[in-house]
Amino acid sequence: MNEDRKLAPEWGADTALELWNGVLDHFDVEWNRARVLDVGASWGYLLRHLLDQRGIASAVGVDPRAPWRRLGDQSLIGDLTLHEGEVDTVEELQDARFDVIVSTGTLMLLTPTRQLETLHWMRDHLEPGGHCVIATRTYLSHYGADQQQHLSSPLPHLVFGAPAIDALLARRGAAPLRYMNPSCAATYLMLFRRAGFDIVDVRRTSNIALEAARERFPERLVFFNDQELETSELHVHLRRPAGPADLSGLAVPE
Amino acid sequence: MRRPSLRRLHPGQATRPPTVEEKRQSQWGTSQAHALWQSLYGPMGAVVDGRTVLDLGCSWGYMMRFLAEEFRPRKLIGTDPGGAWEPSDSGWDWMAMGDLVEFHRGDLAEIHAIPDGSVDLIMCTSVLQYMTPEGIEANLATCRRLLRPGGEMILRTRCFTSYIGADLHRLIDTPYVHMIHPEDDLRSWVAEHHDRATPYLNWLTATTYVTTFVRAGFEVVDVRRRMNSRAPDVRERVAELYPWIDETERNVAEVEARLVRPVTVEDLPALGPIIGGHVAAGPPDPGGR
């Protein structure tokens, strides 16, 4: 999609509503009067929706690309607080605390270690008992390597490696595929727990290209776990534990 | 309701893992190499005779010693950040073998002394789990570059879902503890009870290892999953914590894989022209015939 189209107010409003209906509204989160942070906020369209329609108390967003600077109508920002950068490098955020942190379509763009660092930061900046809602693509998604604008084959990134695909794109005069984290859904869930979250609820969305891929490349997909192969996106409700962990059952080996 | 005790990691000496010191012993190396050949490299069809073989994470070289004694390799290369391969450490006089054996200390991704396309087979056992995911990608990219077209990599790696997936079994007497408690909590507990840091192991599950192999540009020929069998009662608790993950992914202890560095169109120029029925060395005449 043309990046400028994503700056249109109508696109933002429609996308925010889709995110509400398709992700956020499925989880038991108390939005009313919540202080909300959006990690990877783009120009703030989801925050705009939450502020205008879901009764949140305050809306803070962070994005390294700062697309709001290119908005035709700066009044859309209004009472949103938007920061350019990464969560752990923006000075104004380091002493902040939130009731809810959301992140949609962002985690998969981070390298694994940056994911872990970012998730640790998110957990530490939630109030105890605070909520975190994440929607992320998995690498096994039908859009897993963002290849759909150049390649029409189903799941080519699970059959051919990056060197082969990038060589093909180069021959066509196209840029290499952008970075996508190689994690499957199960790895993401391990990551969330490792970072200190309680996992409250999980939803997986279907891989719409899987049937066609299995028909065309049956022998190449057999090594992936079926459930992971069938998962295109992961929607997760996490919470920062309300109190200290109970480690009383642990002991030193005899 | 009181949670049942989770202390059941080491029911007797027979299952005690070897210490670091024991792993330096020649006898341990001999039995370990034999076991690895029988359980992994042999069944995966490793070919060693006449080949250049690289052992990624070779420790003191016990697998290389086994290959030198049992086969006729052209060359054996070992790489390891630790570098404890002095003959006085291991008792193996590899220097007497001259050019057959060479060692390189460091991270393979940062070693530049091995020519591209010069390796026929890469072996790697119980190493990847200690790398960051980014380190794995860098090492796999290097492996692909070092392998000749058609060369193979055979590996076994522990997954985070292993009952010892965070290497805490010598510090905490609870299997799967890293899947139950977050890393910060475990780090604090270990610091309090052992006055030391927790080891680093990555959090990759089996399927993410497979995506990483494919993404690195390998053709995946075979993958085998070795499942956990320890502590079924604790496994049950893990299952309750992760009901959204199928047992076939959640309960994988280790992944074994046989990978091939594919032959590509880009490899053709290196083959050279065919003259008199033989392939000549070097690039083809740009003017053509």
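Residues numbered from 1 in each chain as written. Chains lettered and ligands numbered in written order. Predicted model: local features only at pLDDT ≥ 70, side-chain atom pairs only at ≥ 80, totals over all residues. Heavy atoms only, no water.

1. What to know about the overall build of chain B
Argument step 1. Secondary structure assignment for chain B yields ten helices and nine strands.
Argument step 2. Counting every atom, chain B has about 13400 Å² of accessible surface; 52% of that belongs to carbon and sulfur. (Helix = DSSP H or I, 4+ residues; strand = E, 2+ residues; numbered from the N terminus. Areas by Shrake-Rupley, 256 points an atom, 1.4 Å probe, with all protein chains shown as cover.)

2. Some remarks on the nonpolar core
Within soluble globular proteins, side chains that are nonpolar generally end up buried alongside one another.
Argument step 1. Ranked by size, the top nonpolar core spans 101 residues in total, and within it Leu119, Met122, Leu189 and Phe192 of chain A together with Leu54, Met153 and Phe213 of chain B carry the most contacts.
Argument step 2. When residues in this core are grouped by element, the largest group, seven residues, is from helix H5 (residues 185–194) of chain A.
Argument step 3. When neighbours within four sequence positions are excluded, Phe192 of chain A is seen to be in contact with Leu107, Leu119, Ile134, Phe197, Leu234, Val236 and Leu238 of chain A.
Argument step 4. The next biggest cluster of nonpolar side chains, apart from the first, holds 32 residues, and it includes Val36, Leu51, Leu71 and Leu80 of chain A. (Core = buried A, V, L, I, M, F, W, Y, C linked by side-chain atoms within 4.5 Å. Buried < 20%, exposed > 50% of the residue type's maximum accessible area, 1.4 Å probe, protein only. Contact = heavy atoms within 4.5 Å.)

3. Considerations on the sheet that holds strand E3 (residues 101–105) of chain B
All names here are of chain B.
Argument step 1. Read across the open sheet, the seven strands follow the order E3-E2-E1-E4-E5-E7-E6; overall the sheet is mixed. A single partner strand is all that each edge strand has here, and the edge strands are E3 and strand E6 (219–227). Put simply, the sheet's adjacent strands are angled 15° from each other on average, direction ignored.
Argument step 2. In this structure, strand E5 (residues 147–158) lies alongside strand E7 (residues 252–260), joined through seven bridges in antiparallel fashion. Residue pairing for E7: Arg156 is matched across the bridge by Glu256.
Argument step 3. In this fold helix H2 (residues 62–70) packs onto strand E1 (52–56), strand E2 (75–80), E3 and strand E4 (119–125), with an angle of close to 175° to the strand it touches most, E2. (Pairing = 2+ DSSP bridges. Axes fitted to C-alpha atoms, helices over the stretch in contact; angles between N-to-C directions.)

4. Overview of helix H3 (residues 112–124) of chain A
Argument step 1. A rise of 1.5 Å per residue sets the reference length of H3 of chain A, with its 13 residues, at 18 Å; its end C-alpha atoms lie 19 Å apart and thus fit the reference within 8%.
Argument step 2. Along H3 of chain A, the residues that are buried comprise Pro112, Gln115, Leu116, Thr118, Leu119, His120, Trp121, Met122 and Arg123 of chain A.
Argument step 3. On its buried face, H3 of chain A is in contact with strand E1 (35–39), strand E4 (98–104), strand E5 (126–137) and H5 of chain A together with helix H4 (133–146) and helix H6 (183–194) of chain B. (Expected span 1.5 Å × (residues − 1).)

5. Here's the deal with the packing of H4 of chain B against helix H7 (residues 206–215) of chain B
Residues and elements named next belong to chain B.
Argument step 1. One way to put it is that H4 packs onto H7 with a least axis distance of 10 Å and a crossing angle of 40°. Of the possible angle classes, the one that applies to H4 and H7 is oblique. Classified by chirality, the crossing of H7 by H4 is right-handed. Two secondary-structure elements touch here, H4 through Ile136, Glu137 and Leu140 and H7 through Tyr209, Thr212, Phe213 and Arg215.
Argument step 2. Residue classes in the contact of H4 with H7 are distributed as four nonpolar, one polar and two charged. (Parallel < 35°, antiparallel > 145°, perpendicular 65-115°, else oblique. Left-handed = near helix turned anticlockwise from the far one by under 90°. Nonpolar A, V, L, I, M, F, W, Y, C, P; charged D, E, K, R; others polar.)

6. What to know about the interface of chain B and chain A
Argument step 1. Contacts between chain B and chain A engage 55 residues on the former and 50 residues on the latter.
Argument step 2. When the two sides are added together, the surface that chain B and chain A hide from each other amounts to roughly 4400 Å², 62% of it contributed by carbon and sulfur.
Argument step 3. Three residues stand out in chain B for area buried against chain A, namely Trp203, Arg215 and Trp244 of chain B, and they jointly supply 21% of the buried area on that side.
Argument step 4. Counting across the chain B and chain A interface gives two salt bridges.
Argument step 5. Residue Arg194 of chain A pairs with Glu183 of chain B through a salt bridge whose shortest N-O separation is 3.0 Å.
Argument step 6. Here chain B and chain A share 20 residue pairs in polar contact (both at pLDDT 80 or more) between them.
Argument step 7. The set of elements that each furnish at least two residues to the side of chain B that touches chain A consists of H4, helix H5 (177–180), H6, H7, E6 and helix H9 (247–250) of chain B.
Argument step 8. By residue class, the composition of the side of chain B that touches chain A is 23 nonpolar, 16 polar and 16 charged. (Buried area = accessible area lost by both parts, 1.4 Å probe. Salt bridge = Lys/Arg side-chain N within 4 Å of Asp/Glu carboxyl O. Polar contact = N/O pair within 3.5 Å; in protein donor to acceptor, adjacent residues only side chain to side chain.)

7. A closer look at the packing of helix H1 (residues 9–22) of chain A against helix H2 (residues 45–53) of chain A
Residue and element names in this part refer to chain A.
Argument step 1. Remark: H1 packs on H2, axes separated minimally by 8 Å, with the N-to-C direction vectors making an angle of 70°. Relative to H2, H1 is oriented roughly perpendicular. Facing H1, whose interface residues are Trp11, Gly12, Thr15, Ala16, Leu17, Leu19 and Trp20, H2 presents Tyr45, Leu46, His49 and Leu50.
Argument step 2. Looking at side-chain class alone, the contact of H1 with H2 contains eight nonpolar, three polar and no charged residues.

8. What to know about the pattern of salt bridges
Argument step 1. As enumerated under the stated definition, the model contains 33 salt bridges over all chains in all.
Argument step 2. Close ionic contact of Arg70 of chain A with Asp4 of chain A constitutes a salt bridge, the shortest N to O distance being 3.0 Å. Of this pair, Arg70 of chain A sits in the loop between strand E2 (58–63) and strand E3 (81–84) while Asp4 of chain A sits in the segment before H1, and the two are 66 residues apart along the sequence.
Argument step 3. We note a salt bridge from Arg171 of chain A to Glu266 of chain B, for which the minimum N-O separation is 3.1 Å.

9. Thoughts on the side chain of Arg215 of chain B
Argument step 1. Inspection of the secondary structure assignment puts Arg215 of chain B in helix H7.
Argument step 2. A distance of 2.6 Å separates the side chain of Arg215 of chain B from the side chain of Glu137 of chain B, its partner in a polar contact.
Argument step 3. Sequence-distant contacts of Arg215 of chain B, that is, excluding residues within four places in its chain, are made with Tyr139, Gly161, Ala162, Pro163, Tyr179, Met180, Asn181 and Pro182 of chain A together with Glu137 of chain B.

10. Focus: the confidence of the model for chain B
Residues and elements named next belong to chain B.
Argument step 1. Averaged over every residue, the pLDDT of chain B is 90; the share at 70 or more is 88%.
Argument step 2. Contacts of residues 1–14 to residues separated by more than four positions or lying in other chains number 23 contacts, the stretch itself having pLDDT below 50.
Argument step 3. Segment residues 284–289: pLDDT under 50, and three contacts once partners within four positions in sequence are set aside and those in other chains are kept.
Argument step 4. Quick note on the complex model: pTM equals 0.93, ipTM equals 0.96. (pLDDT = per-residue confidence, 0-100.)

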